[in-house]
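Structural characterization, general
Residues per chain, in single letters:
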Amino acid sequence: MPPTGNISGGALLREGTVFVVLNPAGLAASCTPSARAPVPRVVQAAVPAIAAGILVVDDSITARSLEKSILEAHGYRVRIAVDGVEALELLRAEKADLIITDIQMPRLDGFGLLEALKQDSRLSKIPVIIVSSLDRREDQERGLLLGADAYVVKRKFDQTELLDAIRQMI
């Protein structure tokens, strides 16, 4: 049994009984809370943070796969769509925190997707980043005028810049 500091010694009496000598200071200390005594804590269960959801819209499987793997490696939940029509269907079923879209796609291109997003009150506030091979100034200006929050040219693609832009938007 570990020492408690309440007993300072003992003696054997003539008749063979043990006489215990108590430590008054130790007894008093054990009756009052001490600064050194551990304070019981209530441990709260950690609430798992829900990762931000990003919708990647691109008809190129290579671009979609690359962007998806980069984003998932940084903790984002990623859904993919092959064009603007599929993107709108997915967004109406479950909103995203951010959209990354190409421009040149079948059925509904990135410009058409932007226009549709801005006309839908439930989806109009979702930040949009365009990642496109179109590098003409007119295309970039059109994308930004339609409501895109950023425009990244694929041939100048830098994942660090993309991730920084995402962090600023969500």
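Structure: above.
The sections below set out a description of the structure shown in this document. (Residues numbered from 1 in each chain as written. Predicted model: local features only at pLDDT ≥ 70, side-chain atom pairs only at ≥ 80, totals over all residues. Heavy atoms only, no water.)

**So, the packing of helix 3 (residues 84-93) against helix 4 (residues 110-119)**
Keep this limit in mind: Inter-axis angles, ranging from 0 to 180 degrees, are taken between N-to-C directions of lines fitted to C-alpha atoms, where helices are fitted over the stretch in contact. Helical segments are the DSSP runs of H or I of at least four residues, strand segments are the runs of E of at least two, and each set is numbered from the N terminus. Comment on the angle field: the value is read as roughly parallel under 35 degrees, roughly antiparallel over 145, roughly perpendicular from 65 to 115, and oblique elsewhere. Two helices crossing with the near one rotated counterclockwise from the far one by less than a right angle form a left-handed crossing, whereas a clockwise rotation gives a right-handed crossing. We call two residues in contact when some of their heavy atoms are within 4.5 Å. Each residue receives one of three labels: charged for Asp, Glu, Lys and Arg, nonpolar for Ala, Val, Leu, Ile, Met, Phe, Trp, Tyr, Cys and Pro, and polar for the others, Gly being one of them.
Axis separation between helix 3 and helix 4 bottoms out at 9 Å; the angle between their running directions is 25°. With respect to helix 4, the element helix 3 is oriented roughly parallel. Note that helix 3 runs across helix 4; the crossing there is right-handed. Judged by residue contacts, Gly 84, Ala 87, Leu 88 and Leu 91 of helix 3 engage Leu 113, Ala 116 and Leu 117 from helix 4. Residue composition of the contact of helix 3 with helix 4, grouped by class: 6 nonpolar, 1 polar and no charged.

**Structural notes on the pairing of strand 7 (residues 150-153)**
Note the threshold: Residue exposure (1.4 Å probe, protein chains only): buried if accessible area is under 20% of the type maximum, exposed if over 50%, otherwise partly exposed. One bridge is not enough; two strands pair if DSSP finds at least two bridges between them.
Going residue by residue along strand 7, you find Ala 150 and Val 152 tucked away on one face and Tyr 151 and Val 153 tucked away on the opposite face as well. The sheet contact formed by strand 6 (residues 128-132) and strand 7 spans 4 bridges and is parallel. Within strand 7, the residue paired with Ile 130 across the bridge is Tyr 151.

**Some details on helix 2 (residues 61-73)**
For an α-helix the count is 3.6 residues per turn, leaving residues at separations of three or four pointing the same way. Condition: In a helix, the anticipated span is given by 1.5 Å times the number of residues less one. Directions from the helix axis toward the C-beta atoms define the arc.
Under the 1.5 Å per step criterion, the end-to-end length of helix 2 is 18 Å for 13 residues, consistent within 8% with the ideal 18 Å. Burial in helix 2 covers these residues: Ala 63, Arg 64, Glu 67, Ile 70 and Leu 71. Taken down its axis, helix 2 places every buried residue within 140° of arc, on the same side. Facing away from the buried side of helix 2, by more than 90 degrees, are the exposed residues Ile 61, Thr 62 and Ala 73. The first or second residue beyond helix 2 is Gly 75, which carries a positive phi of 90°.

**Remarks on helix 4**
Where we set the bar: N or O atoms within 3.5 Å of each other form a polar contact, as long as, within protein, one can give a hydrogen and the other can take it, and as long as residues adjacent in sequence are counted only when both atoms are side-chain atoms.
In terms of burial, helix 4 is a largely internal element, 7 of the 10 residues being buried. Those residues of helix 4 that sit buried are Gly 110, Phe 111, Gly 112, Leu 113, Leu 114, Ala 116 and Leu 117. Looking at the packing, one finds that the buried side of helix 4 touches strand 3 (53-57), helix 3, strand 5 (98-101), strand 6 and helix 5 (137-145). The opening residue of helix 4, the one whose side-chain oxygen lies 3.2 Å from the backbone nitrogen of Phe 111, is Asp 109.

**Looking at the sheet that holds strand 5**
Spatial strand order, 4-3-5-6-7: 5 strands in an open sheet with parallel pairing. Looking at strand neighbours, the two that pair on one side only are strand 4 (77-81) and strand 7, the edges of this open sheet. Taking each pair of neighbouring strands and ignoring which way they run, the sheet shows an average axis angle of 20°. Running over the sheet, helix 2 touches strand 3, strand 4, strand 5 and strand 6 and is turned about 170° from strand 4. Contacts from helix 6 (residues 159-169) reach strand 3, strand 5, strand 6 and strand 7, with the element oriented near 165° to strand 6.

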